[in-house]
Amino acid sequence: MAEKRNIFLVGPMGAGKSTIGRQLARQLHLEFFDSDAEIERRTGADIAWVFELEGEEGFRAREEKVIEELTENTGIVLATGGGSILSKESRNRLSARGIVVYLQTTIDKQLARTQRDKRRPLISEAENPREVLETLADSRNALYEEIADVIVRTDDQSAKIVIDEIIEKVGL
């Protein structure tokens, strides 16, 4: 892994990217970043507010810039936002600058993990969150797969089991 010292986690909201990323980084003695948290830090506002004020297009532009800058680091674990892979530039940077791990999960698990989270603008106000998640999955799953070096299911696994599987599949 000398040429690829970064691990980038991609996948839908509720897949466990932030939780698993934080613990994976700790276990591997790497620095952890979360692209959504970095956007919030830089703007001084939460993601929902950025979405409301700038729309999805404005948010995605910020996200692309944050991913560009964060992926220039070495020795990091980065949890990306679920829609970060919509940008071809971000997909290219993630693929070129690290090992991409796609954390897969089911719509049912996403709903269970996100139902009380008001910080998810794409579903928090939705009349039918399941329908929104299904639409997002239809448009994004192929993009996650396209750039994934490793695919790990997170549905009924503890964070420790998922982390062990990532470490084994990545060859660390």
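**Q** I'd like a description of the pairing of strand S1 (residues 7-10), backed by residues and values.
**A** The side chains of a regular strand alternate, first on one face of the sheet and then on the other. Residue alternation in S1 divides its side chains into two sets, Ile7 and Leu9 and Phe8 and Val10, and both sets are buried. Note: S1 against strand S3 (residues 76-79), three bridges, orientation parallel. Each bridged residue has a counterpart across the sheet, and for leucine 9 the counterpart in S3 is alanine 79. Pairing of S1 with strand S4 (residues 99-104), which is carried by four bridges, proceeds in the parallel orientation. Residue pairing in the sheet places phenylalanine 8 in a bridge with valine 100 of S4.

**Q** Give me the lowdown on the packing of aromatic side chains, citing residues and values where you can.
**A** The full count for this structure, using the stated rule, is two aromatic pairs. Summarising the aromatic geometry, the rings of phenylalanine 51 and phenylalanine 59 are spaced 4.8 Å apart at their centres and angled 40 degrees between planes, so their arrangement reads as tilted. For the residue pair phenylalanine 51 and phenylalanine 59, the accessibility class agrees, reading buried in each case. Ring geometry for tyrosine 102 against tyrosine 144: centres 5.0 Å apart, planes inclined by 35 degrees, an arrangement best described as tilted.

**Q** Pulling in residues and values, what's your account of helix H5 (residues 107-114)?
**A** Of all the residues in H5, the buried ones are Ile107, Gln110, Leu111 and Thr114. All buried residues of H5 fall inside an arc of 100 degrees around its axis, so they share one side.

Conventions and cut-offs
Residues numbered from 1 in each chain as written. Predicted model: local features only at pLDDT ≥ 70, side-chain atom pairs only at ≥ 80, totals over all residues. Heavy atoms only, no water. Buried < 20%, exposed > 50% of the residue type's maximum accessible area, 1.4 Å probe, protein only. Helix = DSSP H or I, 4+ residues; strand = E, 2+ residues; numbered from the N terminus. Pairing = 2+ DSSP bridges. Phe/Tyr/Trp six-rings, centres within 6.5 Å; stacked < 30°, edge-to-face > 60°. Arc of directions from axis to C-beta.

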